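Structural overview for review
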Amino acid sequence: MCFTSIIRGSNKEIKRAILWSQIDNHYRSNDDGYALRAGDILIRKMKIEDFVDRVNKREKEILAAPLLHLHMRKATNLITEDFIHLWTVGGGCCSHNGILMGYPQTQNDSLEF
């Protein structure tokens, strides 16, 4: 299954510690795409190196956001950048952790077990 985390609060040092510990603890087992939403910032990358590089470059802005949404994907189907979770839907940000049924395989990253 994917790993998803919502981090909120005003203490930037605590948010920083939580964010980096979760990335470090989960990226190996959830290695099919990485995403982070922080305010208007949306980072979606296939490789952990590219993801970490982008997060590092924007860390100050990221930590200033009141809410962070981190998602590390473990695919059950296609492994493409289009299927990295954190999609913008109606002004919000969406991810899932589980199976989505009723969609064609070309539009769905979940297998029906």
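Anyway, here's the lowdown on the structure attached to this text. (Residues numbered from 1 in each chain as written. Predicted model: local features only at pLDDT ≥ 70, side-chain atom pairs only at ≥ 80, totals over all residues. Heavy atoms only, no water.)

**A few points about the overall build of the protein chain**
For the protein chain, the count of helices and strands is three helices and six strands. Going from N to C terminus, the protein chain has its helices and strands arranged as β-α-β-β-α-α-β-β-β. Expressed as a percentage of the 113 residues in the protein chain, the buried residues total 37%. Looking at the protein chain alone, contacts between residues at least 24 apart form 65% of all its contacts between residues at least 6 apart. Put simply, the protein chain shows about 6,700 Å² of open surface, and 52% of that area lies on carbon and sulfur atoms. (Helix = DSSP H or I, 4+ residues; strand = E, 2+ residues; numbered from the N terminus. Buried < 20%, exposed > 50% of the residue type's maximum accessible area, 1.4 Å probe, protein only. Contact = heavy atoms within 4.5 Å. Areas by Shrake-Rupley, 256 points an atom, 1.4 Å probe, with all protein chains shown as cover.)

**A closer look at the nonpolar core**
The biggest cluster of nonpolar side chains holds 19 residues, and the ones touching the most others in it are Leu19, Leu36, Phe51, Val55, Ile62, Leu68 and Leu70. Those elements that provide at least two residues to this core are strand S1 (3-8), helix H1 (12-26), strand S2 (34-38), strand S3 (41-45), helix H2 (48-57), helix H3 (59-64) and strand S4 (67-72). If we skip the residues at most four places from it in the chain, Val55 touches Leu19, Trp20, Leu36, Ile43 and Ile62. (Core = buried A, V, L, I, M, F, W, Y, C linked by side-chain atoms within 4.5 Å.)

**Some thoughts on the pairing of S4**
Taken across its six residues, S4 has five buried, putting it largely inside the fold. Sheet topology note: the S1/S4 ladder contains six bridges and is antiparallel. Within S4, the position partnered with Arg8 by the bridge is Leu67. Bridging between S2 and S4 involves five bridges; their strand directions are antiparallel. Each bridged residue has a counterpart across the sheet, and for Ala38 the counterpart in S4 is Leu68. (Pairing = 2+ DSSP bridges.)

**As for the sheet that holds S4**
In spatial order, the strands read S1-S4-S2-S3; together these four strands make up an open sheet with antiparallel pairing. A single partner strand is all that each edge strand has here, and the edge strands are S1 and S3. Ignoring which end each strand starts from, the neighbouring axes of this sheet average 5° apart. The strands touched by H1 within the sheet are S1, S2 and S4, with S1 carrying the most contacts at an inclination of about 175°. On the sheet, H2 packs against S2, S3 and S4 and is oriented at approximately 160° with respect to S3. (Axes fitted to C-alpha atoms, helices over the stretch in contact; angles between N-to-C directions.)

**Examining the pattern of salt bridges**
Under the defined criterion, the tally for this structure stands at three salt bridges. Between Glu59 and Arg16 there is a salt bridge whose closest N-O contact spans 3.1 Å. One end of the pair, Glu59, is in helix H3; the other, Arg16, is in helix H1, with 43 residues separating them in the sequence. Owing to a relative accessible area of 35%, Arg16 belongs among the partly exposed residues under this scheme. Between Glu61 and Arg58 there is a salt bridge whose closest N-O contact spans 3.0 Å. Overall, Glu61 belongs to the partly exposed group, its relative accessible area being 42%. (Salt bridge = Lys/Arg side-chain N within 4 Å of Asp/Glu carboxyl O.)

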